[in-house]
Amino acid sequence: MARYAAWIAAVLKPLGVWGVFAIAAVDSALFGMPVDAVVVGYVYNDRKRFVFYVVMAALGSALGSIPLYLIGYLGGEEVLRKRISPERFSKIHRSFEKHEFLALMLPGMLPPPTPFKLFVLGAAVFEMRFSHFLAAIFAGRLVRFTFWSLLALAFGPQIVGMVGDLFRRHFYWVLAVVLAGVLGWLWQRRQRKKQS
């Protein structure tokens, strides 16, 4: 792991402040990278550019997801059906029918082991409007990277590993809490609309 971290640091060094954009794009386009740890490292070592790093990482994630979107869009339902069970396919389809934006934004907020790339494929397969697709990923990642960065500034960069382990061990509990929070927010919004 130490060698891997050293290799990533060596690759990112020539990119300077643009390294967060690059690693977030690669993470979304190809294979999982320790993007949270990299963003936190940049923020922790250069606090003045906090907003810049978080926005660039979110933008990199959104733009890096475009190749996967194209694969899903051109490949159609078969691309997604080959990777998941029929039950899971139906579940993802229903979530996109009900709340398309949230169906992609919420997984974008959550760290691994959330199968985010499946939701990216789902957005393409279920023909989510491209501008909404980019906005949902950007918003989800912006929340995620801001959260990790604030935690790191308060408790140090090692918090990412600690909370990440906790999340992996209690994935469904954390997911339930996040969903409950979002549903509560949606319910409150609906109540306010009824009153006005």
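Residues numbered from 1 in each chain as written. Predicted model: local features only at pLDDT ≥ 70, side-chain atom pairs only at ≥ 80, totals over all residues. Heavy atoms only, no water.

Draft legend 1. Examining the confidence of the model for the protein chain more closely. Overall, the predicted model of the protein chain reaches an average pLDDT of 84, with 88% of residues at or above 70. Here helix 1 (residues 2-12) stands out as the least confident element of the protein chain, with mean pLDDT 64; helix 4 (residues 50-64) is the most confident, with 95. (pLDDT = per-residue confidence, 0-100. Helix = DSSP H or I, 4+ residues; strand = E, 2+ residues; numbered from the N terminus.)

Draft legend 2. Structural context of unusual backbone geometry. The phi torsion at Glu127 lies on the positive side, around 55°, for a residue other than glycine. Residue placement: Glu127 occurs in the loop between helix 9 (116-125) and helix 10 (130-155).

Draft legend 3. Region of interest: the side chain of Ser28. Summarising the element assignment, Ser28 is placed in helix 2 (residues 19-29). Overall, the relative accessible area of 2% leaves Ser28 in the buried class. Contact partners of Ser28, with chain neighbours within four places excluded, come to Ser61, Gly64, Ser65, Leu68, Lys117 and Arg141. (Buried < 20%, exposed > 50% of the residue type's maximum accessible area, 1.4 Å probe, protein only. Contact = heavy atoms within 4.5 Å.)

Draft legend 4. Local environment of the packing of helix 8 (residues 100-109) against helix 9. Relative orientation of the contacting elements helix 8 and helix 9 amounts to 160°, with a least axis distance of 9 Å. When the interaxial angle is binned, helix 8 and helix 9 end up roughly antiparallel. In the crossing of helix 8 with helix 9, the sense of the turn from one axis to the other is left-handed. For the pair helix 8 and helix 9, the contacting residues are Ala103, Leu104, Pro107 and Gly108 in the first and Phe116, Phe119, Val120 and Ala123 in the second. Of the residues in the contact of helix 8 with helix 9, the class split is 7 nonpolar, 1 polar and no charged. (Axes fitted to C-alpha atoms, helices over the stretch in contact; angles between N-to-C directions. Parallel < 35°, antiparallel > 145°, perpendicular 65-115°, else oblique. Left-handed = near helix turned anticlockwise from the far one by under 90°. Nonpolar A, V, L, I, M, F, W, Y, C, P; charged D, E, K, R; others polar.)

Draft legend 5. Summary view of the packing of aromatic side chains. Under the definition given, this model contains 10 aromatic pairs. Note on Phe89 and Phe126: the rings are 5.4 Å apart at their centroids and 65° apart in plane angle, and the pair reads as edge-to-face. Here Phe126 lies in the loop between helix 9 and helix 10 and Phe89 lies in helix 7 (residues 86-98), a separation of 37 residues in the sequence. Accessibility assignment for this pair places Phe89 and Phe126 in one class, buried. (Phe/Tyr/Trp six-rings, centres within 6.5 Å; stacked < 30°, edge-to-face > 60°.)

Draft legend 6. Region of interest: a nonpolar patch on the surface. A surface patch of nonpolar side chains, about 290 Å² in accessible area, is lined by Val26, Leu30 and Phe31. Take Phe31: it is sitting in the loop between helix 2 and helix 3 (35-45). For Phe31, a relative accessible area of 49% translates into the label partly exposed. (Patch = residues over 30% accessible without salt bridge, like charges linked within 9 Å, V, L, I, M, F, W, Y side chains within 5 Å. Areas by Shrake-Rupley, 256 points an atom, 1.4 Å probe, with all protein chains shown as cover. Salt bridge = Lys/Arg side-chain N within 4 Å of Asp/Glu carboxyl O.)

Draft legend 7. Structural detail: the environment of Pro34. Tracing the backbone through its elements, the reader meets Pro34 in the loop between helix 2 and helix 3. You can call Pro34 partly exposed: its relative accessible area is 29%. With 78 residues separating them along the chain, Pro34 and Pro112 place their C-alpha atoms 9.8 Å apart.

Draft legend 8. Looking closely at the nonpolar core. By size, the foremost hydrophobic cluster in this structure holds 30 residues, and its most contacted members are Leu80, Phe96, Leu104 and Phe133. Counting only elements with at least two residues in this core, the list comes to helix 5 (66-75), helix 6 (77-81), helix 7, helix 8, helix 9 and helix 10. The element contributing the most residues to this core is helix 9, with 8 residues. In this view, Phe96 contacts Ala103, Leu104, Phe119, Gly122, Ala123, Phe126 and Met128; residues no more than four positions away in its chain are not counted. Judged by nonpolar contacts, the second largest core, of 18 residues, contains Val38, Phe50, Val54 and Phe145. (Core = buried A, V, L, I, M, F, W, Y, C linked by side-chain atoms within 4.5 Å.)

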